[in-house]
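# Observations on the model geometry
Residues per chain are reported as follows:
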Amino acid sequence: MRDQYDFSQARKNSYASQLKKSITIQLDEDSMAYFKGISEEVGIPYRTLINLYLRDCATSHRKLNRQWK
């Protein structure tokens, strides 16, 4: 390993804004069972599936219908 490195020609990572951020979220058992079931059917990890669903909601500006029946 070198004692000194030259970063004068370095560039910023253009993909840095696209990186994922780790968070903690608490979900009820029914929601987890739902996504885990779908995950087994389609062969996608359930965390990835939840992320895809949330991204779809965000990009389509879907709002929550809070009218309880």
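Summary of the structure given here. (Residues numbered from 1 in each chain as written. Predicted model: local features only at pLDDT ≥ 70, side-chain atom pairs only at ≥ 80, totals over all residues. Heavy atoms only, no water.)

As a further point, take the overall build of the protein chain. In terms of helices and strands, the protein chain carries two helices and zero strands. Rg of the C-alpha trace for the protein chain: 20 Å, well past the compact-globule value of 11 Å for 69 residues, more than 25% over. With the principal axes as the frame, the protein chain shows a C-alpha extent of 65 × 25 × 20 Å. Going through the 69 residues of the protein chain one by one, you find that 9% of them count as buried. Accessible surface, the protein chain as shown: approximately 7700 Å² in total, 51% of it carbon and sulfur. When the 12 positive and 8 negative side-chain charges of the protein chain are each reduced to one mean point, those points stand 10 Å apart. (Helix = DSSP H or I, 4+ residues; strand = E, 2+ residues; numbered from the N terminus. Rg over C-alpha atoms; globule rule 2.2 N^0.38 Å. Buried < 20%, exposed > 50% of the residue type's maximum accessible area, 1.4 Å probe, protein only. Areas by Shrake-Rupley, 256 points an atom, 1.4 Å probe, with all protein chains shown as cover. Lys, Arg positive; Asp, Glu negative; His and termini not counted. Charge placed at Lys NZ, Arg CZ, Asp CG, Glu CD.)

Next up on the list: the packing of aromatic side chains. Per the counting criterion, the structure on display carries three aromatic pairs. A centroid spacing of 5.2 Å and a plane angle of 80 degrees characterise the contact between Y34 and F35, whose relative ring orientation is edge-to-face. Connected via pairs of aromatic rings, a cluster forms that spans Y34, F35 and Y53. It is K36 that lies over the ring of Y46; its NZ or CZ is 5.0 Å from the centre. (Phe/Tyr/Trp six-rings, centres within 6.5 Å; stacked < 30°, edge-to-face > 60°. Lys NZ or Arg CZ within 6 Å of the ring centre and 35° of its normal.)

It is worth spelling out the environment of K36 at this point. Take K36: it is sitting in helix α1 (residues 29–42). A sequence separation of 13 residues divides K36 from L49, and the C-alpha atoms of the two residues are 8.8 Å apart.

A cluster of nonpolar side chains, contributed by M1, Y5 and F7, occupies part of the molecular surface with about 470 Å² of accessible area. Considering the arrangement of structural elements, one finds F7 in the segment before α1. (Patch = residues over 30% accessible without salt bridge, like charges linked within 9 Å, V, L, I, M, F, W, Y side chains within 5 Å. Salt bridge = Lys/Arg side-chain N within 4 Å of Asp/Glu carboxyl O.)

Turning our attention to unusual backbone geometry. You will see that H61, though not glycine, has its phi angle at about 55 degrees, which is positive. Considering the arrangement of structural elements, one finds H61 in the segment after α2 (46–59).

Before going further, it helps to examine the packing of α1 against α2. At a closest axis distance of 9 Å, the pairing of α1 and α2 adopts a crossing angle of 105 degrees. The orientation of α1 relative to α2 falls into the category roughly perpendicular. Taken together, the residues of α2 that come into contact with α1 (itself represented by M32, F35, K36, I38 and S39) are Y46, L49, I50 and Y53. Classifying every residue of the contact of α1 with α2 by side-chain character gives seven nonpolar, one polar and one charged. (Axes fitted to C-alpha atoms, helices over the stretch in contact; angles between N-to-C directions. Parallel < 35°, antiparallel > 145°, perpendicular 65-115°, else oblique. Contact = heavy atoms within 4.5 Å. Nonpolar A, V, L, I, M, F, W, Y, C, P; charged D, E, K, R; others polar.)

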